Amino acid sequence: MKEEEEEIEKKKNSANGDQHNNNNQVERKKYKVIILGSGMGGISAGKEMIDNGMEDFIVLEGRNRIGGRIYQENGFSCIIDLGASWIHGIDGPNPLKKMAEQLGLKMDVTYNSVLDEADFQLFDSNGKEIDPEFEAKIIHKLSLITKAAKDNVEKTEEDSSVEDEYNKVINSTRDSDGNIIQFDKDEEGVLRWHQLIVENWEGGSMGELSAKDHFLSGEDTAFGLGDAFMVDGYSPILNHLLSPSLSERILLNHVVEKIEYEKDEGVTVYTNKGVFQSQFVLCTFPLGILKERTVSFSPPLPAWKQDAIEKIGFGLLDKVVLQYDSPFWNQQNEGFGFVSDKMGEFNFFLNMLIPSKVPILVCYISSQFAKEMELQSNEEIIQRITQIFRFVYWSPNSVQLLIFWSK
């Protein structure tokens, strides 16, 4: 029992899969299968092969680390995942939740897209806290126009954007008394903030999001409702999947340049560090890599697949992580938000003090504003966030460490 506990603790403390022994001196370059990418997809595929007795494969990874979107920053006073940090859908048989529980990982569970509303403060652009009853009235109005938009989408076969559908109904929907629902200037700001939560969730602007997917897919995931923030980070789950046998098959810093297939010869993979051959290739590249066309395929991918790659979009969600000397915000709140005059500007902060006991704020930004922030320096970002905090009469102390992770 003691040995099992020590093993679990070891996996909890491990970060970014760094414990695996990457063998860059593999001489043999012909395999039955080559897996491209060592994110969760590639690692899971490799584990599945080993578990089923198929060990004639190699994993090629372009970066100097494994994990893909799972990336843990070790410079803070607690565990900070700059990439994936939530498990979505925890009511059903979610395998990630089950694995986290088996490893004894701490999770902070919520059933609300803006955490627990009772422990969340929302401020206007002047730093004044928005009255919860006033906000509730706007949320009710939003629910009515959302229902009207959903009804319209259900009646049409063609898809459109979420923004287009809201624009169709926002000045024509009536309440239970028959009055047309309207929003004054103050209400519009709160309305926009709640719509921005959708953009943060999806990583794209309302004008980019599919109306049919948004309005008709429902709020729950394949595994039901509920979200769990990974207080102990995602790396222990990644490391749990990474056996020594799998670890020795991973080649880091191998950037794939071309994939060539010939019927009788199999597949040839050209990298910056040599050529590899196999009967089969399992490609786990993210959509962004495929869209950039940095990897060439010979023969080219089928037209229908290229068309799908072109049409499918993916969101942008950046994180700004700030660690302070001491907390100056309401320590009991799970988070707080700001209704800014600028669309999407630093509108949502997660209070890490509650799950991790460290004065850290994590700001989530997405869509167009995230793209703009990627062009700014850390100093400019800190200056603007500090200015926003002072609107609330908060006096931020010095930032010990800031990480702005994007792309």
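These figures come from a predicted structure and were not determined experimentally. Residue numbers here run from 1 along each chain, matching the order of that chain's written sequence. Where local features are concerned, this predicted model is filtered to residues with pLDDT of at least 70; where side-chain atom pairs are given and counted, the filter is 80 or more; whole-chain, interface and lining totals use all residues. By convention in this description, side-chain values take in all heavy atoms of the structure and omit both hydrogens and water.

(A) Broad picture of the packing of aromatic side chains. Whether two aromatic rings pair depends on their centres lying within 6.5 Å, for rings of Phe, Tyr and Trp, where Trp uses its six-membered ring; planes under 30 degrees apart make the pair stacked, over 60 edge-to-face, and the rest tilted. All chains considered together, the criterion is met by 22 aromatic pairs. Between Phe346 and Phe369, the aromatic rings sit 5.1 Å apart at their centres with planes inclined by 90 degrees, giving edge-to-face as the arrangement. With a gap of 23 residues between them, Phe346 in the loop between strand 15 (335-338) and strand 16 (348-351) and Phe369 in helix 13 (residues 367-373) connect regions that are remote in the sequence. To sort residues, take the accessible area from a 1.4 Å probe on protein chains only and compare it with the maximum for the residue type: under 20% means buried, over 50% means exposed, and anything in between is partly exposed. Since its relative accessible area comes to 0%, Phe346 is described here as buried. What makes Phe369 buried here is its relative accessible area of 3%. Pairwise contacts between aromatic rings join Phe123, Tyr324, Phe328, Trp329, Phe336, Phe338, Phe349, Phe389 and Trp394 into one cluster. Secondary structure elements are defined from DSSP: runs of H or I of at least 4 residues count as helices, runs of E of at least 2 residues count as strands, and each element is numbered from the N terminus.

(B) Geometry of empty space enclosed by the protein. Here a cavity denotes grid points, spaced 1 Å and computed from the protein atoms alone, that fit a 1.4 Å probe unable to get out, and a pocket denotes an open set having protein on both sides within 12 Å along at least 5 of 7 lines; residues with an atom within 4 Å of a point are the lining. Grid points are joined across faces, edges and corners, and a volume is the space filled by probe spheres set on the points. Applying the stated criterion to the full structure yields three cavities of 30 Å³ or more. Here the largest cavity is characterised by a volume of approximately 80 Å³. Contributing to the lining of the largest cavity are Ile79, Ile80, Asp81, Ser85, Phe229, Met230, Gly233, Lys319, Val321, Met352, Val362 and Tyr364. Sorting the residues of the lining of the largest cavity by element identifies strand 4 (80-81), strand 8 (227-230), strand 14 (317-324) and strand 17 (360-366) as the ones contributing at least two each. Think of it as three bins: nonpolar holds Ala, Val, Leu, Ile, Met, Phe, Trp, Tyr, Cys and Pro, charged holds Asp, Glu, Lys and Arg, and polar takes everything else, Gly as well. Residues belonging to the lining of the largest cavity are distributed by class as follows: eight nonpolar, two polar and two charged.

(C) Just the pattern of salt bridges, in detail. Throughout this description, the term salt bridge denotes a Lys or Arg side-chain nitrogen within 4 Å of a carboxyl oxygen of Asp or Glu. All told, the structure shown has 13 salt bridges when counted by the stated rule. Across the pair Asp51 and Lys47 runs a salt bridge whose closest N-O atoms are separated by 2.8 Å. Remark: Lys47 and Asp51 occur in helix 2 (residues 40-51); sequence separation between them is four residues, near one turn of the helix. The partly exposed category is assigned to Lys47, whose relative accessible area is 27%. Note that Glu187 and Lys137 form a salt bridge whose closest N and O atoms lie 3.5 Å from each other. Taken together, the residues Glu187 in helix 6 (residues 185-202) and Lys137 in helix 4 (residues 132-155) connect sequence positions 50 residues apart. Relative accessible area serves as the criterion here: at 5%, Glu187 is assigned to the buried category. Residue Lys137 is classed as partly exposed on the basis of its relative accessible area, which comes to 42%.

(D) Representation of the environment of Leu196. Summarising the element assignment, Leu196 is placed in helix 6. Distance in space between the C-alpha atoms of Leu196 and Phe348 is 9.4 Å, their sequence separation being 152 residues. The contact rule is simple, with two residues in contact once any of their heavy atoms fall within 4.5 Å. Not counting the four nearest positions on each side in its chain, Leu196 is found in contact with Met343, Gly344 and Asn347.

(E) Geometry of the sheet that holds strand 6 (residues 107-110). Being paired, for any two strands, means DSSP has found at least two bridges between them. The sheet built from three strands is open, its strands ordered 5-8-6 with antiparallel pairing. The two strands at the open ends of the sheet, each matched to only one other strand, are strand 5 (86-88) and strand 6. When the angles between neighbouring strand axes are averaged without regard to direction, this sheet yields 20 degrees. The sheet contact formed by strand 6 and strand 8 spans four bridges and is antiparallel. Looking at strand 8, one finds that Val109 is bridged to Ala228. In this analysis, axes come from line fits to C-alpha atoms, helices being fitted only over the stretch in contact, and the angle between any two N-to-C directions falls in the range 0 to 180 degrees.

(F) Fine view of helix 3 (residues 95-102). For the purposes of these results, a polar contact is taken to be a pair of N or O atoms within 3.5 Å, where, inside protein, one atom must be able to donate a hydrogen and its partner to accept one; residues adjacent in sequence count only when each atom of the pair is a side-chain atom. Taking the backbone nitrogen of Leu96 as reference, a side-chain oxygen 2.9 Å away marks Asn94 as the first, capping residue of helix 3. A positive phi of about 70 degrees marks Gly104, the residue just after helix 3.

(G) Structural detail: the pairing of strand 8. Residues of strand 8 alternate between two faces, with Asp227 and Phe229 on one and Ala228 and Met230 on the opposite face, all of them buried. Pairing geometry for strand 5 and strand 8, over three bridges, is antiparallel. Opposite His88, over in strand 8, you have Asp227 as the bridge partner.

(H) Structural context of the nonpolar core. Membership of the largest hydrophobic core comes to 39 residues, with the highest contact counts inside it found for Ile80 and Ile360. Among the elements of the structure, strand 7 (120-123), helix 4, helix 5 (162-169), helix 6, helix 7 (211-216), strand 16 and strand 17 are those that each provide at least two residues to this core. Sorting elements by how many residues they give to this core places helix 4 first, with six residues. If near-sequence neighbours (up to four positions away) are discounted, Ile360 is found in contact with Phe76, Cys78, Ile80, Val321, Leu322, Gln323, Trp329, Leu350, Asn351, Met352 and Leu353. In this description, a nonpolar core means a group of buried Ala, Val, Leu, Ile, Met, Phe, Trp, Tyr and Cys residues linked to one another through side-chain atoms lying within 4.5 Å.

(I) Broad picture of the packing of helix 4 against helix 5. Running from N to C, helix 4 and helix 5 point in directions that differ by 110 degrees, and their axes come no closer than 9 Å. Compared by their axis directions, helix 4 and helix 5 come out roughly perpendicular. Contacts between helix 4 and helix 5 involve Leu142, Ile145, Thr146, Ala148, Ala149, Asn152 and Val153 from the former and Glu165, Tyr166 and Val169 from the latter. In the contact of helix 4 with helix 5, the residues fall into seven nonpolar, two polar and one charged. An angle counts as roughly parallel when it lies under 35 degrees, as roughly antiparallel when it exceeds 145, as roughly perpendicular when it falls between 65 and 115, and as oblique in every other case.

(J) Focus on unusual backbone geometry. Residue Pro299 is reached from Ser298 by a cis peptide bond, and omega for that bond is 0 degrees. Relative to the assigned elements, Pro299 resides in the loop between strand 13 (296-298) and helix 11 (303-311). Positive phi is not limited to glycine here, since Phe346 has a value of about 35 degrees. Phi at Ser367 is positive, roughly 55 degrees, even though this residue is not glycine.

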